[in-house]
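# Chain and residue survey
This is what each chain is made of:
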Amino acid sequence: MIPMVDLKTQYARLKDEIDRSVREVLESCAFVLGPNVKAFEDEAAAYLGVKHAIGCASGTDALHLALRAAGIGTGDEIITTAFTFIATAEAIRYVGATPVFVDIDPLTFNLDPAAIEAVITDRTKAVMPVHLFGQPADLARISALCERHGLLLIEDCAQSFGASIQGWQTGSIGLASGFSFFPSKNLGGYGDGGLVATQSDEVAAKLKMLRNHGSEVRYYHDAIGYNSRLDEIQAAILRIKLRHIDDFNTARRRAAHRYSELLAGLPVETPHEDGLGVHVYHQYTLLSDRRAAVMAALQKAGIASAIYYPVPLHRQNVFAAAYADVSLPVTESVAARCLSLPIYPELEEGDIRRIVQVIGDALNG
Ligand SMILES: Cc1ncc(COP(=O)(O)O)c(C=O)c1O
């Protein structure tokens with residue numbers, strides 16, 4: 001069986017280091033917001049090139065708290081993409097704002113900067129690009145647009161830890177950016193976890209308060225906050241994995257490029273790198289008009305594959321009625337044809353060859 005992501009092999013490689021640091025946390029009995037969280041926040045901030053990195057309980061919380069700390073609330077509109085995981089839009093709804101979905105670029109699957117201006121109203125407060133599948137969105141164009149129209153830029157970096165654009169890490173350009181450490185992410189913990197990156201002292205101070213019951217001083221509360229803290233065990237594991245993130249991402253890129261080389265000539269559209277930034281391949285996602293046949297053949301051969309995402313957000317049950325008038329032709333076409341293949345740093349050449357062979361047989365047979 002070839003899985004979508006192989007966490008076991010990675011654990012086996014890092015086992016001694018990880019077991020030792022988890023044991024140290026257990027022995028210290030400091031479990032929440034302790035020294036490992038502080039050290040991980042400092043190390044992540046240095047890696048990302050931001051002034052502040054604030055740990056929290058999940059990527060969803062990171063986006064929610066980032067929006068709240070940025071002052072976004074009821075009645076505000078946020079321009080974003082419908083070709084993403086639901087959490088992007090959930091975070092917007094949590095603060096009482098409305099997601100305004102625009103179409104995506106057909107090659108990168110990221111929010112199309114050219115579509116933004118047409119939907120700006122006097123209620124628009126922010127633009128929230130998602131660096132989907134690990135490829136940076138066109139932040140130069142999007143941030144210039146935000147500046148011109150007085151909008152905030154909030155980045156969804158759940159899938160893009162370590163991806164960079166013109167020398168900047170994703171997450172270092174927007175006012176505030178949310179990262180996820182869900183186990184399958186490029187930088188993944190062994191449970192839920194998240195982080196907000198920001199250059200703003202004010203946003204950072206608000207975030208630290210919001211994640212901890214609206215409190216800066218224990219048992220004194222200045223706002224209604226949340227219980228959304230990163231725990232010490234996750235932070236200890238993430239500190240170890242952070243030291244390897246560039247190697248992990250390089251190995252993902254190598255695997256992705258091998259797929260694309262071997263798939264060339266088959267009737268599929270392989271992922272496009274737009275050259276603006278460094279794609280870190282959280283997913284390797286191709287387009288095929290015969291997706292069901294390819295998936296069935298892979299399954300028969302014991303190879304996992306997945307559809308990220310089968311239903312764009314404006315067509316999800318939770319949003320369909322409110323967005324019945326919205327048509328996003330590129331998003332809808334991509335959602336109908338996209339297929340993600342197994343990808344992880346430890347994926348071997350032989351596995352890639354076997355996967356491509358099965359796809360070739362399915363399409364040529
Ligand atoms: C694009 C995107 N945004 C947000 C999230 C939410 O992250 P989490 O699962 O850590 O809450 C995810 C991850 O699942 C994601 O892929």
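Throughout, residues of each chain are indexed from 1 in the direction in which the sequence is written. Where local features are concerned, this predicted model is filtered to residues with pLDDT of at least 70; where side-chain atom pairs are given and counted, the filter is 80 or more; whole-chain, interface and lining totals use all residues. To obtain the side-chain values, all non-hydrogen atoms of the structure were used and water was disregarded.

Next up on the list: the nonpolar core. Here, nonpolar core refers to any group of buried Ala, Val, Leu, Ile, Met, Phe, Trp, Tyr and Cys residues whose side-chain atoms link them within 4.5 Å. Relative accessible area decides the class of each residue, using a 1.4 Å probe on protein chains only: under 20% of the type maximum gives buried, over 50% gives exposed, and in between gives partly exposed. By size, the foremost hydrophobic cluster in this structure holds 25 residues, and its most contacted members are Phe-40, Leu-48, Phe-161, Phe-179, Phe-181, Leu-187 and Leu-195. Strands are runs of DSSP state E lasting at least two residues, helices are runs of H or I lasting at least four, and both sets are numbered from the N terminus onward. When contributions to this core are tallied by element, the ones reaching two or more residues are helix H1 (7-28), helix H2 (35-48), strand E9 (194-198), helix H7 (232-242) and helix H8 (245-263).

Turning our attention to the domain arrangement of the protein. As a measure of interface size, the accessible area lost when the parts come together is often cited. Each domain's extent was defined by an automatic or database domain assignment. When cut into domains, the protein gives domain 1 (7-242) and domain 2 (246-364). Taken over C-alpha atoms, the centre of domain 1 sits 24 Å from the centre of domain 2. Regarding the contact of domain 1 and domain 2, the summed buried area is about 3,300 Å², with carbon and sulfur atoms giving 62% of it. Take a side-chain nitrogen of Lys or Arg and a carboxyl oxygen of Asp or Glu: if they are within 4 Å of each other, that pair is a salt bridge. Between the two partners, domain 1 and domain 2, sit one salt bridge. Put simply, Arg-13 and Glu-346 hold a salt bridge, and the shortest N to O gap is 3.0 Å. A 3.5 Å cut-off defines polar contacts: any pair of N or O atoms within that distance qualifies, except that in protein one atom must be a possible hydrogen donor and the other a possible acceptor, and neighbouring residues in sequence count only when both atoms are side-chain atoms. At the junction of domain 1 and domain 2, the tally comes to 18 residue pairs in polar contact (both at pLDDT 80 or more). For the side of domain 1 that touches domain 2, the elements supplying multiple residues, two or more each, are H1, helix H4 (87-94), strand E3 (98-102) and strand E6 (164-165). When the residues that make up the side of domain 1 that touches domain 2 are grouped by side-chain class, the tally is 20 nonpolar, 15 polar and seven charged. Two parts placed together each lose some accessible area; with a 1.4 Å probe, that loss summed over both constitutes the buried area. Gly counts as polar in this scheme, as do all residues outside two lists: the nonpolar Ala, Val, Leu, Ile, Met, Phe, Trp, Tyr, Cys and Pro, and the charged Asp, Glu, Lys and Arg.

So, about the pairing of strand E2 (residues 77-81). With five of five residues buried, E2 lies mostly within the body of the structure. Residues Glu-77, Ile-79 and Thr-81 point to one face of E2 and Ile-78 and Thr-80 to the other, with burial holding for every one of them. Strand pairing is defined by DSSP finding a minimum of two bridges between the two strands. Across five bridges, the pairing between E2 and E3 is parallel. Bridging from a neighbouring strand, Thr-81 pairs with Val-102 of E3. Each parallel crossover has a hand, and for E2 linked through H4 to E3 it is right-handed. Crossovers are described as right-handed under a simple rule: with the strands pointing away from the observer, the path leading from the first strand over the helix to the second runs clockwise.

Turning next to empty space enclosed by the protein. Both site types are read off a 1 Å grid over the protein atoms alone. A 1.4 Å probe that fits but cannot get out defines a cavity, while an open set with protein on both sides within 12 Å along at least five of seven lines defines a pocket; lining residues have an atom within 4 Å of a point. Grid points are joined across faces, edges and corners, and a volume is the space filled by probe spheres set on the points. One pass over the structure, following the stated rule, counts two cavities of 30 Å³ or more. Of the pockets and cavities examined, the largest cavity occupies roughly 90 Å³. Lining the largest cavity are 16 residues, with Val-5, Leu-7, Gln-10, Lys-185 and Arg-252 sitting closest to its centre. Among the secondary structure elements, those contributing two or more residues to the lining of the largest cavity are H1 and H8.

Further remarks concern the site of the ligand. As a matter of local geometry, the ligand sits amid 15 residues, with Gly-59, Thr-60, Asp-156, Ser-180 and Lys-185 nearest to it. Backbone polar atom of Gly-59 to an oxygen atom of the ligand: 2.8 Å apart, as the coordinates give it. Taking Ser-180, its side chain carries an N or O atom lying 2.7 Å from an oxygen atom of the ligand. A molecule is said to occupy a pocket when more than half its atoms come within 2 Å of that pocket's grid points, and by this definition the ligand occupies the largest pocket. Ranked by the residues each element gives to the shell around the ligand, the list is headed by helix H3 (residues 59-69), at three residues. Summary of the distance rule: residues count as near a molecule or strand when at least one heavy atom falls within 4 Å of that molecule or strand. A molecule is counted as occupying a cavity or pocket when more than half of its atoms fall within 2 Å of that pocket's grid points.

With the rule as written, the count across this model stands at 17 salt bridges. With a shortest N-O distance of 2.7 Å, Asp-19 and Lys-15 are connected by a salt bridge. Here Lys-15 and Asp-19 lie together in helix H1, a separation of four residues that amounts to about one turn. On the basis of relative accessible area, Asp-19 is assigned to the partly exposed category, the value being 24%. On the basis of relative accessibility, which here comes to 35%, the residue Lys-15 falls in the partly exposed class. Notably, a salt bridge pairs Arg-258 with Glu-261, separated by 2.5 Å at the nearest N-O pair. Placement of the pair is Arg-258 and Glu-261 together in helix H8, with a separation of three residues, close to one helical turn. Where salt bridges share partners, they join Arg-258, Glu-261, Glu-349 and Arg-353 into one cluster.

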